[in-house]
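Residue-level listing of the chains:
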Amino acid sequence: MQRKLALGVIARWLPINFLATGFVLLWDPLAWKLVLAMVCVNAVAAFVVSDYIQKQKIINLKSEQHPLDFTLQIASETLPYLRRGLNEETAAKTVEIIQKISDVAAVAITDREKVLAYIGAGADHHKPGGSIMTDATREVLVTGELKVVRSGRDLQCPVPGCPLESAVISPLKCRDEIVGTIKLYRTQPGEIPQNLVKLAEGLAQLLGMQMELAELDRQAQLVTKAELDALQAQINPHFLFNTLNTIIMFSRTNPETARRLLIRLASFFRHALKRHGHFNTLREEIEYLNTYLILEKARFREKLRVVRNIDRELLDYQVPVLTIQPLVENAIKHGILPKPGQGTVQITAQRLDEDMLIVIKDDGVGIPPERLSEVLQPGVGSGNGVGLSNVHERLKSLFGKDYGLHIISAPNAGTSVYVRVPLLCKLGRGEGNSVEVKSINSR
């Protein structure tokens, strides 16, 4: 580009200067020294003008290439990092992206105490992790106002020979609180181009908004975890009290049976206390359920019949803890017990496309139509809704509203509760307490 421009200037400069030289020499042949001086001066002037035009053209191209796209492009590339919050790692990625796109001499991001990230001229002494060195930055942190610095003297960097001569320093705000600064530096003193000032303002607003999104994400995760912990805390005592009632009954009539049931109960809680997070393998949940059913069978004898149909290939996939047992308990307590004669609870787990489908079916008394629409509402009462609503809310919190319980029931015809769980990472035996799980569809 520069070569083409130079050739174009020479092509126009030479004919004009030859004509001028010829005219002067014809007018006064003895003025050749003046002609030579004029040619040299014109050559230098032509070079300076062409060089200025070229540099100005490059600047204009850089500033006009993306009128709004500078900020949009930076937003697009920095979002995956800043959604994790503002720290040294995410700030380092952000300054790299900003310098690459905006083509400034140096970029820095600070919090209120130290430099989180720095790239560009002066990186030998403006180092990440170091304390804030310039008075201008400290002033912006106090006032919360954007500051334009036009000379190195005003920056007041304490290191002699610092190449930074001018800068735009903009405060970073999250929820109206000043949490740091973003700084765009130049190595030339003087007036800062208005487009660079606007870029700094736009970047500060963008980064502040992305930090607020990261904070909202973190708060939402904390709320979800708290809700799940609360739901789990509600379910555990519910099971414990029913089990203790069963053991108390046998302690009066059959102490040996009560002793064996207490051993089962101790084994159950040892198993439960080993849990971490909100997921277990289906194998562990079935073992957990079997302990409960042993206790219930001891109480109800022939009144209760249990049929299991579990696809063994699903045993090492993960499911939310306490998903199956409360549903089976609900079927026994509210479906089978009020029914005259023997009742059956059928537990099925099979694969359905990319989901695991779990069905708890009983042939008990069923749910009245007027109550069916209420049983999944939290806090309905002490009837069918307690165990059902807990599991329903946990499933929706974990997987979305499409993964709640689906219930089909009719009076005197029994109840079927359908549970869909996305197929989660298949783990080997002994790995079921993993805290982090991923859908197999994400592989």
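Since this is a predicted model, take the numbers as computed values, not measurements.

Colleague: What am I meant to see in the pattern of salt bridges here?
Modeller: Any two side chains of opposite charge can pair, on the condition that their charged atoms come close. Counted by the stated rule, this structure contains 10 salt bridges. Between Arg260 and Glu256 there is a salt bridge, with its nearest N and O atoms 4.0 Å apart. On the criterion of helical spacing, the pair formed by Arg260 and Glu256 is a turn pair, its members being four residues apart in helix H8 (residues 255-273). Judged by its relative accessible area of 38%, Glu256 falls in the partly exposed class. The shortest N-O distance in the salt bridge between Arg420 and Asp355 comes to 2.5 Å. Remark: Asp355 occurs in strand S10 (residues 355-362) and Arg420 occurs in strand S12 (residues 414-422); sequence separation between them is 65 residues. Through salt bridges with shared partners, a single ionic network connects Glu256, Arg259 and Arg260.

Colleague: Help me understand the packing of aromatic side chains, please; the structure alone is not making it clear to me.
Modeller: Given two aromatic rings, their pairing is described by the distance between the two centres and the angle made by the two planes. Taken as a whole and judged by the stated rule, the model has three aromatic pairs. With 6.0 Å between their ring centres and 45° between their planes, Tyr118 and Tyr185 make a pair best called tilted. You can see Tyr118 sitting in strand S2 (residues 115-120) and its partner Tyr185 sitting in strand S5 (residues 177-186), a full 67 residues away along the chain. Accessibility assignment for this pair places Tyr118 and Tyr185 in one class, buried. Following the ring pairs from residue to residue traces out a cluster consisting of Phe279, Phe399 and Tyr403. Of note, Arg420 hangs over the ring of Tyr403, and the distance from its end group to the ring centre comes to 4.4 Å.

Colleague: What is the right way to read the environment of Ile247 from this model?
Modeller: Along the polypeptide, Ile247 turns up in helix H7 (residues 194-253). The sequence separation of Ile247 and Ala258 amounts to 11 residues, and the corresponding C-alpha distance is 5.4 Å.

Colleague: Mind showing me how you'd approach the pairing of S12 here?
Modeller: For a regular strand, side-chain orientation follows a simple rule: the groups alternate between the two sheet faces. Of all the nine residues making up S12, seven are buried; the element is thus mostly covered by neighbouring parts of the structure. With eight bridges connecting them, S10 and S12 associate as antiparallel partners. Residue pairing across strands places Leu357 opposite Arg420, the latter belonging to S12.

Colleague: So what exactly am I meant to see when it comes to the sheet that holds S5 here?
Modeller: Strand pairing in a sheet takes place through backbone hydrogen bonds and is either antiparallel or parallel in direction. Spatially, S2-S1-S5-S4-S3 is the arrangement adopted by the five strands of the open sheet, whose pairing is antiparallel. Both edges of this open sheet fall to S2 and strand S3 (147-149), since each of them pairs with a single strand only. Sheet twist, expressed as the mean angle between neighbouring strand axes with direction ignored, is 15°. Here strand S1 (residues 106-110) runs beside S2; their pairing, made up of five bridges, is antiparallel. Within the sheet, the bridge partner assigned to Val107 lies in S2 and is Ile119. Its contacts with the sheet place helix H4 (residues 88-102) against S1, S2 and S5, and it is angled at close to 25° to S2.

Colleague: So what exactly am I meant to see when it comes to the sheet that holds strand S7 (residues 304-310) here?
Modeller: Taken in spatial order, the five strands of this open sheet run S7-S9-S10-S12-S11, and their pairing is mixed. Only two strands of the sheet have a single neighbouring strand rather than two, namely S7 and strand S11 (406-410). Direction aside, the axes of adjacent strands within the sheet are offset by 10° on average. Where S11 lies against S12, five bridges are found, and the strand directions are antiparallel. What sits directly across from Ile407, in S12, is Val417. Relative to the sheet, helix H9 (residues 282-300) contacts S7, strand S9 (343-352) and S10, its axis offset from that of S7 by approximately 165°.

The rules we used
- Residues numbered from 1 in each chain as written.
- Predicted model: local features only at pLDDT ≥ 70, side-chain atom pairs only at ≥ 80, totals over all residues.
- Heavy atoms only, no water.
- Salt bridge = Lys/Arg side-chain N within 4 Å of Asp/Glu carboxyl O.
- Helix = DSSP H or I, 4+ residues; strand = E, 2+ residues; numbered from the N terminus.
- Buried < 20%, exposed > 50% of the residue type's maximum accessible area, 1.4 Å probe, protein only.
- Phe/Tyr/Trp six-rings, centres within 6.5 Å; stacked < 30°, edge-to-face > 60°.
- Lys NZ or Arg CZ within 6 Å of the ring centre and 35° of its normal.
- Pairing = 2+ DSSP bridges.
- Axes fitted to C-alpha atoms, helices over the stretch in contact; angles between N-to-C directions.
- Contact = heavy atoms within 4.5 Å.

Without other data, these values stay purely geometric and don't point to any function.
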